Amino acid sequence: MRKTIIFNVKFCVLTLLFTGGMSAWAQQSPDFNDSYLTPPEAISEEILAPSHLNVTLDELSPAGDFFINRKRSGITPLSKFAKPHYNIAGLQIDKRANRTRSLTTQRATTGLELVNSRTGERRELNVPDNLTISNPQWSPDGSKIAWMGHSEDETHIYVTDRESGNSRQITRRPLLATLNSSFEWTSDSRSIFTVLIPENRGAEPVRPETPTQLIVRSTTEGDNRLRTYQSLLEDRFEGELLEYYITGQLVKIDTQNRRARNIGSPAMIRNIDAAPSGDHVIVQTIQKPFSYIVPVSRFGWTEEIWDLDGEILATLRSSDPNKGDPDEEYMEDSGRRNIQWRPDGEGLSLLVKPEEEEEEEGEEKPEEEEESEESKIADRVVQWMPPFGEDDQKVLYESEREMQSVAYSSDGDILFITEQNNDSEELFAVYAADTASTYPIYKYDTDDFYDNPGNLSYHRSSTGEWAVRLSEDESSVFLSGTEYYEDVEENAPRPFIDRVEIQSGESERLFQSSEEYYESVESILTANSDQIIIERESSDEYPNYWYVDLNSNERTQLTENQDYNEALAQAPRDRFKVIRSDGIEFWMEVVMPPEWDGEPVPGFIWHYPREYDDQEDYNESIRRHNKNSYPRIGTRTADIMAKAGYAVLKPDWPIVGDSGTANDNFVWSIVQNSTAVIDSSEAKGYIDRHRMAIGGHSYGAFGTSNAMIHTSFFKAGIAGSGNYNRTLTPLGFQRESSDLWRGMDRYMQMSPIFWADRMDGALLMYHGEEDQNVGTWPTNSRRMFHALNGIGKTAALYRYPHEAHGPAAEETLLDMWTRWVDWLDVHVK
């Protein structure tokens, strides 16, 4: 006898389905109420822990004296996710507010504070009520902070005066924050560039009641190995709707008088990058025709330099729609790349490859002819000045090797160039006044993980652009990085700052994290890098920010952040190595119930399969392990199950095989991993191997269902937003490079739906109804449930309305944990 229960909430959707034999119902049935449920306090207090009350130090002021702390609210309520929106060509649009949906559904920032970078003293800024805040950004002179304020109906830009703390709205028309959701200051700290809703925009297109067009698709040329994208353009009308919601007016706004100057005509603006002078803008615009087989992020686009009248002065780059053919060149860039406004305000900087001269037909190069100096040039650093004509370009430096990037000192007098050649990377300095001489900063073998010298330290120049940080005497630069050690269980990673003298290359270590703590360098406050902000933590000390004076060794704790999940974070934990019968070794962490009495308890494995070529490949993946990291507990952290009395086992889950063929061993690895994890956990006295469950999200859901099919260890499983039929991703998935027709046996062997009749235990599946992740359409869970229901297996499916790939709304999270605990208590305990 089987039972199928389907409940609908409101228009669609908490949908719960259950199928199972009488034995499951004879004990105790999980709660199949279709209303949103709330778990016991021991669980809910972990989910609702008010970690948002802690202080974060973001957005350092230009002078280095203040940070911005965003005062956040708790978990986003379901009502925000339920707000009407469109999913068009992979773009989610809050149609009422004309912005990307993420600005509506993200955890809300409702206030701003200034935090003194040396004392931690906090001062609240005055912002309007009933707004959520994003993108706070200092003006280049540090006197003001601009930010985006979001109401239910629209988004505006506000500017807050640093001294008075008062804020005022500077946009008279709302922003169009669908594709471009940012703004740009000018170097004089007076004006802001952004994209607004066009004047006289007109009404939204309305779909005809009677169709006037078909849905037509035809194959394209080439091997277009596309992912299985959700929410692609369906028809011509959706194209019109998309165009309506991404067509905006570029403007320059005077923040003092609030006057907005229109720049050109409304366009489908993808991105803007304003010159520090405020006289020019680099504009990326979406180009037609739209594609029906790729999302808007892969539509064709053009990148141009506009003046303030909207005149196109130069086309920098363009791209056709990227349709996935690996042999197709979609971008036309004329050899231009690393395009950026110079930090001294003197035009554009770009790297340009010389054009190859075409030989005339019939012309042969003499065999003994030596290459000229010109022919040896592989790359150039170019300065391009307004009005950006061909004659306005000046070559600053030429190299016989291709350059990866160029950066500048704030005055533009020193260039810092990175070149990569095979397995080596070199950074060197060039003085603009003498480009014949180069000064190595570092050169290292990129295959030597433990010898990484770090990265250049940057700061905001007076124009607001990023520039390389120089010492006060302009003789040195600074590298910040992390030193790693081969024995990760004995030695934690140790962040550092090095001072490197430009002309001699001599290096001096200014700071290195202690061995007992992980002290990450969050900010550098001074030109000499002798006053810094670190975030300090250990395995039993919650992260907090500290001010450090490297000259006096003075340390001041700036924040009193606390762990609102402390009891769970400090629950008994163990980390140890597991060895499979085939000799493969991997690591696992175990989290026991906070009040564990030492006796074996039911076990719950939470995992995510990852492919590796061999043992060495796996070993390389754990080189960044940090034994001084404090345990973080989030709303979906599996550790929470320990509060319900389970040993939570969090192993790595290696799928091992030669490159390109690891999935031939997928099922074998699942069996081997499960056996090794359970055997070793039982041997240490943590688990009762006869009361085991397994779970995972996304590819972990795929692994969960396979483990329940190919082993008999598990009485229950929890599988979230998974794929259960690899034939629905016929052109590849994860690191699988073969398509379905070249790897049919592999695809079928790995697909749980083909082996569902062998499943042991009770499987709980959950899926967000608006999952946009490639490869995990909600139909996967519906079809898997349909199969399990048809063959008499014990299963349930929870479909959560308005949720994407990862559950995020407060009501969803509380309900999800209620049902997880309930499911395991019934079927495992």
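First, a word on what this report is: a plain description of the structure on this page.

Cut-offs applied
- Residues numbered from 1 in each chain as written.
- Predicted model: local features only at pLDDT ≥ 70, side-chain atom pairs only at ≥ 80, totals over all residues.
- Heavy atoms only, no water.
- Pairing = 2+ DSSP bridges.
- Helix = DSSP H or I, 4+ residues; strand = E, 2+ residues; numbered from the N terminus.
- Contact = heavy atoms within 4.5 Å.
- Axes fitted to C-alpha atoms, helices over the stretch in contact; angles between N-to-C directions.
- Phe/Tyr/Trp six-rings, centres within 6.5 Å; stacked < 30°, edge-to-face > 60°.
- Buried < 20%, exposed > 50% of the residue type's maximum accessible area, 1.4 Å probe, protein only.
- Polar contact = N/O pair within 3.5 Å; in protein donor to acceptor, adjacent residues only side chain to side chain.
- Salt bridge = Lys/Arg side-chain N within 4 Å of Asp/Glu carboxyl O.
- Core = buried A, V, L, I, M, F, W, Y, C linked by side-chain atoms within 4.5 Å.

1. Section: the sheet that holds strand β4 (residues 91–94)
Here's step 1: Taken in spatial order, the three strands of this open sheet run β3-β4-β5, and their pairing is antiparallel. Across the chains shown, the open sheet's two edge strands, defined by having one partner strand only, are β3 (86–88) and β5 (99–100).
Here's step 2: Where β3 lies against β4, three bridges are found, and the strand directions are antiparallel. Along β4, the bridge assignment pairs Y86 with I93.
Here's step 3: Running over the sheet, helix α5 (residues 236–246) touches β3 and β4 and is turned about 110° from β3.

2. Brief notes about the packing of aromatic side chains
Here's step 1: Tallying each qualifying case throughout the model produces 25 aromatic pairs.
Here's step 2: Measuring from ring centre to ring centre gives 5.5 Å for W606 and W820, while their planes differ by 35°; the resulting arrangement is tilted. Taken together, the positions of W606 in strand β41 (residues 601–606) and W820 in helix α13 (residues 810–827) put the pair 214 residues apart, joining distant regions of the chain.
Here's step 3: According to the relative accessible area criterion, W606 is buried, its value standing at 18%.

3. Quick look at α5
For an α-helix the count is 3.6 residues per turn, leaving residues at separations of three or four pointing the same way.
Here's step 1: Buried residues dominate α5, accounting for eight of its eleven residues.
Here's step 2: Looking at the buried side of α5, the elements it contacts are β3, β4, β14 (247–254) and β16 (267–274).
Here's step 3: Looking at where α5 begins, the residue whose side-chain oxygen comes 3.3 Å from the main-chain nitrogen of F237 is D235.

4. Remarks on the pattern of salt bridges
Here's step 1: This structure, assessed with the given rule, holds 50 salt bridges.
Here's step 2: Residues R317 and E303 are paired through a salt bridge, measuring 2.8 Å at the closest nitrogen-oxygen approach. One end of the pair, R317, is in strand β19 (residues 312–319); the other, E303, is in strand β18 (residues 301–307), and 14 residues separate them in sequence. Just as R317 is buried, E303 falls in that class too.

5. Digging into the sheet that holds strand β11 (residues 167–169)
Here's step 1: Pairing in this open sheet of four strands is antiparallel, and the strands run β8-β9-β10-β11 from one edge to the other. Every interior strand has two partners, whereas the edge strands, β8 (132–138) and β11, have only one. Geometrically, the sheet is characterised by an average inter-axis angle of 25° between neighbouring strands, direction not taken into account.
Here's step 2: Note that strand β9 (residues 144–150) and strand β10 (residues 155–161) share seven bridges and pair antiparallel. Of the residues in β10, the one forming a bridge with I145 is T160.

6. Re the nonpolar core
Here's step 1: Core analysis: the biggest nonpolar cluster contains 47 residues, and I605, L649, F714, M765 and L788 have the highest contact counts within it.
Here's step 2: With six residues, helix α10 (residues 699–710) is the largest single contributor of residues to this core.
Here's step 3: Aside from chain neighbours lying at most four places away, what touches I605 is L649, P651, W653, V677, I678, M692, A693, I694, G695 and F714.
Here's step 4: A638, I640, Y766 and Y800 belong to the second-largest nonpolar core, a separate cluster that totals 37 residues.

7. Quick notes on unusual backbone geometry
Here's step 1: A cis amide bond, omega 0°, links K288 with the succeeding residue P289.
Here's step 2: Note the cis peptide between P386 and P387, where omega equals 5°.
Here's step 3: Within the element layout of this structure, P387 appears in the loop between β23 (379–384) and β24 (393–399).
Here's step 4: Of note, N130 is a non-glycine position whose phi angle comes to about 65°, a positive value.
Here's step 5: For N130, the location among the structural elements is in the loop between β7 (122–124) and β8.
Here's step 6: Phi at S189 is positive, roughly 60°, even though this residue is not glycine.
Here's step 7: Relative to the elements of secondary structure, S189 occurs in the loop between β12 (184–185) and β13 (191–196).

8. With respect to the environment of S61
Here's step 1: Relative to the helices and strands, S61 resides in the loop between α2 (41–47) and β2 (66–72).
Here's step 2: C-alpha of S61 to C-alpha of Q137: the two residues are 76 residues apart in sequence and 8.9 Å apart in space.
Here's step 3: Excluding its chain neighbours within four sequence positions, the residues that come into contact with S61 are F66 and W138.

9. A closer look at the pairing of strand β22 (residues 348–352)
Here's step 1: Judged by how many residues are buried, β22 sits mostly within the fold: five of five residues are covered.
Here's step 2: As paired strands, strand β21 (residues 336–341) and β22 are joined by four bridges and run antiparallel to one another. Opposite R336, over in β22, you have V352 as the bridge partner.
Here's step 3: Here β21 folds back onto β22, and the loop between the two strands holds six residues, one of which, G345, carries a positive phi near 80°.

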